[in-house]
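# Report on the structure
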Amino acid sequence: MKNILKISLTLSLILLLVSCKKDDGADTTFSLRDRQEVYNEDIAEIEAYLQENYLVVDVNLNASVKEIDNGQTSIWNNTTYPLQSMIVKNDVRVSSYITGVSTDVVEYKLYYIILNEGGGAYPTQVDSVFTAYKGWDLENEVFDQNNQGMWFTYPQTTAFDPVSISGYRQVLTKIKTEASSALNSNGTLTHNDYGNVLVFIPSGLGYFSGSNINGVSYNPAVFQIKLFNRKENDQDGDRILSNYEDINGDGDFYNDDTDGDNIPDFLDRDDDNDGVITKFEIIQSNDGNGNIVYYSFNNIPFCGSGSVKKHLDNSCH
Ligand SMILES: [Ca+2]
Ligand SMILES: [Ca+2]
Ligand SMILES: [Ca+2]
Ligand SMILES: [Ca+2]
C-alpha cells in the first residue's frame, strides 16, 4: 500500500527541488563540498571550541557558553557536567523505502552534555517530541530559540524543523521526557524533571550547505534541548502504533519489512501483502452498526497454530 509513501516521497521531492533552487540561486558555480572533508574541519573546530570556552548553568539549568578570559574551567575539562560523545551516522534518508538509506558514509563524533536525564520515557525514532531549544554557533551567537516548546514529528513534513537536524534528533535518545507537568493559573505549564541536553553538531548532521546558521554554510551548531513530552504515532494509520512495528527491536524502524515490498512496516498499511489491510485484520468484533473493537496489540491472534500475529502472516486474514 503505497499512498502514504507516495505522499512522503512527493514531499521529499518538493523539498529537494526547493533546496536545489535555493542553492542554485546567484552562484552558478555552486557545488556541494565533500562531506568527509567538511567533517574533518568541523570536528577540529568543535574540539577547539570545547577547550576554549566554558559553560554557565543557572538554577533553572539554562546553559550559556562563554569564551574563557580568566582561567575558567573549559567545557572539555568540566567535571560537574561531563562531556560525553557517541559515534553516529547521518540518518537523513534519500527516501522512506527500506533501500533509501543516506548516501553519507561519514562516521560522526557527536559530543553532548546531559544537564538532566529526565524522569519520564525515552522517545523512539518515530515518536513526535515536544521540545524547547536554543541554538548558537561557535561564536556563541544565538540563531534560533524557542522557550515554550513545540511539537516535531519525524519523518518530518517541513525541511527546517530542528528535529529534521539529524544530530538534534539522535541526541534525544540519550534523555527522557518530563516526570510530570502542572498547569499554572496563567495558562502556562510548569515542567518537572525533564530531559535537558547540550549537543555540539557538525554541519553534516545539521544544515550542511544550507545557510540557516547566521547565514553561514558548513557551520557547526550548538543546541540546548529540553525534552518535555513525546507522543506515540501510527504513521500509516493501520491502528498499530508504530512503536510496535520495529519487528526486530533494534530501534531502527526502516529495516523491518515483513512482506519484502521495500516499504517498512510502520509505513505499510498491508504489512503482509495478503490484500487485506492490517486495520481490517485486527478487528476483534464488529456489530455492523459502526461499533468496531480492535484487538490490543498483545491480543492480536496468531494464524492457526503459528507464532506470527495474523497481520504479519499472509497465510490467513
Ligand atoms: Ca502503524
Ligand atoms: Ca528494526
Ligand atoms: Ca512492507
Ligand atoms: Ca494484510
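Residues numbered from 1 in each chain as written. Chains lettered and ligands numbered in written order. Predicted model: local features only at pLDDT ≥ 70, side-chain atom pairs only at ≥ 80, totals over all residues. Heavy atoms only, no water.

## Let's talk about the pattern of salt bridges
Two side chains that carry opposite charge are able to pair once their charged atoms sit near each other. Within the structure shown, the criterion is met by five salt bridges. Arg33 is the salt-bridge partner of Glu37, the closest N and O atoms lying 3.0 Å from each other. On the basis of relative accessible area, Arg33 is assigned to the partly exposed category, the value being 27%. Linking Asp91 and Arg169 is a salt bridge whose minimum nitrogen-to-oxygen distance equals 2.5 Å. Of the two residues, Asp91 sits in the loop between β3 (84-88) and β4 (108-116) while Arg169 sits in helix α3 (residues 166-171), which places them 78 residues apart along the sequence. Each member of the pair Asp91 and Arg169 is classed as buried. (Salt bridge = Lys/Arg side-chain N within 4 Å of Asp/Glu carboxyl O. Buried < 20%, exposed > 50% of the residue type's maximum accessible area, 1.4 Å probe, protein only. Helix = DSSP H or I, 4+ residues; strand = E, 2+ residues; numbered from the N terminus.)

## Looking at the coordination of the calcium ion (ligand 4)
Here the calcium ion (ligand 4) is held by the protein donor atoms Asp270 (OD), Asp272 (OD), Asp274 (OD), Val276 (O) and Glu281 (OE), which lie 2.1 to 2.3 Å from it. Donor residues binding the calcium ion (ligand 4) come from one chain and are separated in sequence as D-x1-D-x1-D-x1-V-x4-E. Classification of Asp272 as buried rests on a relative accessible area of 3%. In this structure Glu281 comes out as buried when scored by relative accessible area, which is 1%. (Donors = N, O, S within 2.8 Å, 3.2 Å for Na, K, Ca; no water.)

## Focus: the coordination of the calcium ion (ligand 3)
Working reference: metal with six octahedral donors, ideal angles 90 or 180 degrees; metal with four tetrahedral donors, ideal angle 109.5 degrees. Coordination of the calcium ion (ligand 3) by the protein is provided by Asp257 (OD), Asp259 (OD), Asp261 (OD), Ile263 (O) and Asp268 (OD), with metal-donor distances spanning 2.2 to 2.4 Å. Mapped onto the sequence, the donors of the calcium ion (ligand 3) take the spacing D-x1-D-x1-D-x1-I-x4-D.

## Digging into the packing of aromatic side chains
If you walk through the whole model with that rule in mind, you get 15 aromatic pairs. Both rings, one in Trp76 and one in Tyr111, keep their centres 5.9 Å apart while their planes meet at 55°; by these two values the pair is tilted. Within this pair, whereas Trp76 is found in the loop between β2 (63-67) and β3, its partner Tyr111 is found in strand β4, the two being separated by 35 residues in sequence. Given a relative accessible area of 34%, Trp76 falls into the partly exposed group. On the accessibility criterion, Tyr111 (5% relative accessible area) is buried. (Phe/Tyr/Trp six-rings, centres within 6.5 Å; stacked < 30°, edge-to-face > 60°.)

## Some words on the nonpolar core
If you look at the biggest cluster of nonpolar residues, it comprises 43 residues, and the most contacted ones within it are Tyr49, Leu55, Leu198, Phe200 and Phe223. The element that contributes the greatest number of residues to this core is β4, accounting for six residues. If sequence neighbours within four positions are ignored, Phe223 has contacts with Tyr133, Lys134, Gly135, Phe143, Ile165, Tyr168, Val197, Leu198, Val199 and Ile201. Counting seven residues, the second largest nonpolar core, distinct from the first, contains Val126, Tyr254, Ile263 and Phe266. (Core = buried A, V, L, I, M, F, W, Y, C linked by side-chain atoms within 4.5 Å. Contact = heavy atoms within 4.5 Å.)

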